[in-house]
Amino acid sequence: MDSIINISNQMVLILAFLLICAPLISFFFSLIFKRFASLIAITAISISFIAAIILFIKVWFSKTLHFSIPWIAFNNFDIRLGFLFNDLTVLMLLLITLIALLVHIYSVEYIRKDKLKPRYFAYLSLFCFSMLSLVLADNLFLIYIFWELVGFSSYLLIGFWFTKEKAVSANKKAFIMNRLGDLGFLAGIMIMLSHFHTLDIDALFGSGNLIASSFTSNGMWVSPFNMMPDYWLTIAGLCFFAGAAAKSAQFPLHTWLPDAMEGPTAVSSLIHAATMVAAGVFLLVRIAPLFNESVLIIIASIGVFTAFMAATIALTQNDIKRVLAFSTISQLGFMMLAIGVGDEASAIFHLVTHAFFKCLLFLGAGIIIHELHHLKEKHQLQFDEQDMTFMGGLFKSMPITAIVFIIAAMALSGLPFTSGYLSKDAILISVFEWADVKGGVFWIFPIIVSLTSWLTTFYIFRVVFKVFFGDFRLPQLLEADHHQFKIHEANVWLKYPVMVLAVFCVTFVFSFQPFSLEASWLFNELAPQQHVGGIYHILVPIYINILSLGLLLITYLAYARNKFSFGLEQTWIFKFSYKQWYFNEIYDAAIVKPTLLKAKAYYWFDKNVIDGLVNSSATAIIHISSLANWFDVYIIDGLVNGVASVVERLNIWFRNVQNGKVQHYIVWMLLIMITFFIYLMIF
Amino acid sequence: MISLQHFLFIAAVLFCLGIYAVITRKNAIQVLIGIELMINASILNLVAFAKYDVINNNGQLFALFVIVLAAASVAVGLVIILNFFKRVKTIDPNKANSLRG
C-alpha cells in the first residue's frame, strides 16, 4: 500500500501540495492585500492549474499513487493524512482548476464594481482549496472534513450579497439541507469504521480491497474484522447516498439549489453547476463497490425521478438562472442514474462534459444579466434583469455570447458533434441495456429517461429562442423608445473565458470520431470493458436525436417566430410545474412551519414558565429581604438607636447641670435641700 | 413688746433676701453683699435665741465668732473677685464658667 517514493513521486507530492496550498494562501492574502485580491486569486488558481496539468500527464494511464502519514492513532485503527492519485483524481483536478481559472477571470469584470471584491476572491479561493483537497483526500474522514468546508464556502458565496433578504435565507437553506445529508455521510463513515477498522479509500475500495473480501451469507455481512446483519450493508450505502444527494441536489433534498441562484452568477456557474454539486457524484463513484443491488436500484430511481421532475419544472420557469438551476438538478439526476445502473464511467464522463457546458450556460446567462443590469442602472429602470420575458432578439447585439450559448445548449440537448452527445447517449445506452437485462417493470426507466432527454431539448431551446431570437421585448414592455436601449457585447474579461469553454463543448476535444463513444480517450481509460457492441448503440442515439430535432423545430416556431403558443398557462399542469411541484410549499408546511411553531412554543415556555419561575422566585426573595431590611432598620436599629438616644438625652440634660455657673449650682443646692426638707417633713 | 417671733421673722426675711441676691445678681460684689445678708440673718437668729442662755451667753459669743469669720470670708471673697476681674475684665459670676461640664 505504501508506495516507494522515488524522485518523480516526490515531485508528485510537492506538486500536490502546491496545488492545494496556492488557493489557501490566496485566501489569506486576498484579505490582507485588498487591492491585489483578484490578481492574487488568479495567480494562485493558475499555479494550481499548471500543477494539475503536470499531475494529469504523470498519473493518467499509469497506476494509482498513494501517499499517507499517520495522523491520529487509536487503539485498533488510525486516521491518516494523505493523497490518493488515480485517474479519477487527476481528471477532477484538471476539470476543477480549468473551470475555476476561467471563472476567476470572468469574475474580474463581473464583480468589478462591488465593494466587497477582495472578500469575493478570498471566498472563491477558499472554495477552490476545499474542493481540490476533497478530490485529493485519501480517506473518508478527510473527505468528510473538506466536504463540510466546501459546504461552508458555498454558504459564504451564496450569501455573498448578504444585504439581500432572499440571499440570506437561500444560504441558510442550502446550509441546513446540506447538514441533513452530511448526517447520513457521517453515519456511513461510522458504519465503515466499525466494520472494516479503516477509512482508507484505497484499502477499502482499491484493488484486492476489503469490500471485495467481505461477503454476505446467511443474513450476515462478514468482513475480516466484524460481523453484522446484512441490512447494515444497505444502510451504509443509503447513508452515503444521502450525503451525496444533499450535495448534488437530488430529490428530496434538491430545493436548496434553485434558491442558491441568489449568489453572483459566476459563483453559480462554478459551484452550483460545475464543481461542488459534482462532489456528490464524485463521492459515489469513489465508493461505488460498496453498493449492493437494492441501494443501486434506489439510487437509479431517485436519479431518474429527479431528472424528470427537474426537467418538467425547467419547462415553465421565467427566470433564466432558475431554468439553468433545474437543468443542473436534472443532469445530476442523469449522473445518479448512471451510477445506479452500474455505469460509473458514463457518470464521470457526463460530469466532465456537463461541467463545461453548464458552466458556459451560466456564464452566458451571467453576461446577459450583467449587460441588462448596466442598462437598468444607466436608465434608472425598474425590471428584473433575470426575467426572460424582458429579453429577446439579443442575437444581433451580442452575437458571440449567443453563439457560445447555443453551442452549450446543443451540448446540453445531446445533439451530434457536441460533447453532450457522447456522454448523454452513453448514459441512455447503459440504461437501455440495464433495463434489457432486468426486464419487466424496469423498462419504465428508459422510457422516463428518454422523455426527460426530449424535455431537456425543449426547455433549453425555449431559453435560447426567448432570449436571442424574436424582438427585444424590454422597450415594448416598458413602452420606451427602441433605440434608447442599446445592449453591448461583453468585454474581453467576460468574452474569452466563455469562448474557451465553448471549445470544450465540442466532440473533438473528447473523441476524434464524433459518433463513437468508444473512441473517446476519456471514456476508454475509465471503462475499457464496457459497451461492446449491441443494438442499442445504433438505435438509441438515432431515435433520441431525431425526436430532439423535431422538438427543436417546434420550439423555434413557438418561441422565436411566435407562430403559435401552447395555451397551457392557465392549466393546473403549468401551475404545478411553475410552482416547482410545490416542494417548497410542502416542506414549508410539513417541516419548516411545525419546527418554527415548536420553537415558538418552546420560546413561550422558556419565556413564561422557566423565566417566570426564576423571576418570581427572585421577586419573592426581594420581598422577603425588603421585609428583613425593614425589621433591621426599624426594630433592631431602632432599639439600639433608641437606647443611644435616651442616653444622649440624659447626657445632655445632666451636662446642663454642670454648666460652670456658680449661681446655678447654688440654685441646685437649694432645690435639693428644700426637697430633702420636704422629704423629712412628709415622712 | 418685741417678741422672739419678730426677730425670727426679720432673720428669715433677711436670709431670703440674701439668697435672692446671691442667685440673681450679675455683680459679684452684690453676691458678696447677699452672703453678708445671710450671715447677718444667722447672727440675728443666734442673738435672738441667746435669751434662753443668760448665764453663759453662748449666743452672743457665737455671734462674735461669726462676725469675725464673716469679715475674713469677705476679705477672701473680695480677693477672689479682684483676681477674677484681673483675668477676665468682668465681675459677672455667670462669666466664670470655665469649669462647665
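How each quantity is defined
As a convention, each chain's residues are numbered from 1 in the sequence order in which they are written. Naming scheme: in the order in which they are written, chains are lettered from A and ligands are numbered from 1. Local features in a predicted model are, by the rule used here, given only for residues with pLDDT of at least 70; side-chain atom pairs are given and counted only at 80 or more, and totals for whole chains, interfaces and linings are based on all residues. Excluded from the side-chain calculation are hydrogens and water; included are all heavy atoms of the structure. UniProt positions are given in the numbering used here, feature names are shortened, and annotations may be inferred rather than shown by experiment. Where helices and strands are cited, they refer to DSSP runs of H or I of at least four residues and of E of at least two residues respectively, numbered from the N terminus. C-alpha atoms define the radius of gyration, and 2.2 Å times the number of residues to the power 0.38 defines the globule rule. Each residue's exposure class comes from its accessible area (1.4 Å probe, protein chains only) as a fraction of the maximum for that residue type: buried when under 20%, exposed when over 50%, partly exposed otherwise. Any two residues having at least one pair of non-hydrogen atoms within 4.5 Å are treated as being in contact. Salt bridge criterion: a side-chain nitrogen from Lys or Arg within 4 Å of a carboxyl oxygen from Asp or Glu. Throughout, the edges of the domains are those of an automatic or database domain assignment. Throughout, the accessible surface (probe 1.4 Å) given up by two parts as they are put together, summed over both, is called the buried area. By the criterion applied in these results, polar contacts are pairs of N or O atoms within 3.5 Å in which, for protein atoms, one can donate a hydrogen and the other can accept it, and in which residues neighboring in sequence qualify only through two side-chain atoms. Every angle, taken between N-to-C directions, lies between 0 and 180 degrees, and every axis is a line fitted to C-alpha atoms, over only the stretch in contact when it is a helix. Working definition: roughly parallel below 35 degrees, roughly antiparallel above 145 degrees, roughly perpendicular at 65 to 115 degrees, and oblique for all remaining angles. The handedness criterion is simple: a crossing whose near helix is rotated anticlockwise from the far helix by less than a right angle is left-handed, and one whose near helix is rotated clockwise is right-handed. Think of it as three bins: nonpolar holds Ala, Val, Leu, Ile, Met, Phe, Trp, Tyr, Cys and Pro, charged holds Asp, Glu, Lys and Arg, and polar takes everything else, Gly as well.

Per an unreviewed UniProt entry, chain B is named NADH-quinone oxidoreductase subunit K, and its organism is Pedobacter puniceum. UniProt's Catalytic activity (unreviewed entry) comment on chain B is quoted here verbatim: "a quinone + NADH + 5 H(+)(in) = a quinol + NAD(+) + 4 H(+)(out)". For chain B, the Subunit (unreviewed entry) comment in UniProt is given as "NDH-1 is composed of 14 different subunits. Subunits NuoA, H, J, K, L, M, N constitute the membrane sector of the complex."

Per an unreviewed UniProt entry, the recorded name for chain A is NADH-quinone oxidoreductase subunit L, and the organism is Pedobacter puniceum.

### A look at the overall build of chain A
Across its full length, chain A holds 26 helices and five strands. Radius of gyration (C-alpha) of chain A: 38 Å, far over the 26 Å computed for a compact globule of 683 residues. By principal-axis analysis of the C-alpha atoms, chain A measures approximately 155 × 75 × 55 Å. Looking at chain A residue by residue over its 683 residues, the buried ones come to 53%. Across chain A, contacts joining residues at least 24 apart in sequence account for 77% of those joining residues at least 6 apart.

### Re unusual backbone geometry
Residues and elements named next belong to chain A. Cis rather than trans, the peptide bond between Phe 251 and Pro 252 has omega equal to 0°. Looking at the secondary structure, you find Pro 252 in the loop between α9 (231–247) and α10 (256–259). Positive phi values are uncommon outside glycine, yet His 197 reaches one of about 60°. As for its position among the elements, His 197 is in the loop between α6 (165–196) and α7 (201–205). Here His 197 falls in the partly exposed class, since its relative accessible area comes to 23%.

### Examining the pattern of salt bridges
Side chains that differ in charge, positive against negative, can pair when their charged atoms come close. Residues and elements named next belong to chain A. Counted by the stated rule, this structure contains ten salt bridges over all chains. The partner of Glu 262 in a salt bridge is Lys 166, and the shortest N-O contact between them spans 3.9 Å. Taken together, the positions of Glu 262 in the loop between α10 and α11 (265–274) and Lys 166 in helix α6 put the pair 96 residues apart, joining distant regions of the chain. Take Glu 262: its relative accessible area is 13%, and that puts it in the buried class. Three or more residues are tied together by salt bridges with common partners; here these are Glu 148, Arg 179 and Asp 182.

### Side note on the domain arrangement of chain A
The domain architecture assigned to chain A consists of domain 1 (292–577) and domain 2 (585–682). Taking only C-alpha atoms into account, the centre of domain 1 of chain A sits 85 Å from that of domain 2 of chain A.

### Details of the UniProt feature "domain: NADH-Ubiquinone oxidoreductase (complex I) chain 5 N-terminal" (unreviewed entry) in chain A
Residues annotated by UniProt as "domain: NADH-Ubiquinone oxidoreductase (complex I) chain 5 N-terminal" (unreviewed entry) correspond here to residues 71–121 of chain A. Along residues 71–121 of chain A the backbone is 57% helical and 22% strand, and the end-to-end C-alpha distance reaches 31 Å.

### Let's talk about the interface of chain B and chain A
Between chain B and chain A, the contact holds 13 residues from the first and ten residues from the second. Carbon and sulfur atoms make up 60% of the area that chain B and chain A hide from each other, which totals about 930 Å². One can count zero salt bridges joining chain B with chain A. In this structure, the connection of chain B to chain A is made through three residue pairs in polar contact (both at pLDDT 80 or more). The element that contributes the greatest number of residues to the side of chain B that touches chain A is helix α1 (residues 4–24) of chain B, accounting for four residues.

### Brief notes about the packing of helix α14 (residues 320–340) of chain A against helix α18 (residues 444–468) of chain A
Residues and elements named next belong to chain A. α18 packs onto α14 with a crossing angle of 155° between their chain directions and a minimal axis gap of 11 Å. Judged on the interaxial angle alone, α18 and α14 are roughly antiparallel. Between α14 and α18 lies a crossing whose hand is left-handed. Contacts between α14 and α18 involve Ile 320, Val 323, Leu 324, Ser 327, Ser 330, Gln 331, Phe 334 and Leu 337 from the first element and Phe 445, Val 449, Thr 452, Ser 453, Thr 456, Tyr 459, Ile 460, Val 463 and Val 467 from the second. Taken together, the residues that form the contact of α14 with α18 break down as eleven nonpolar, six polar and no charged.

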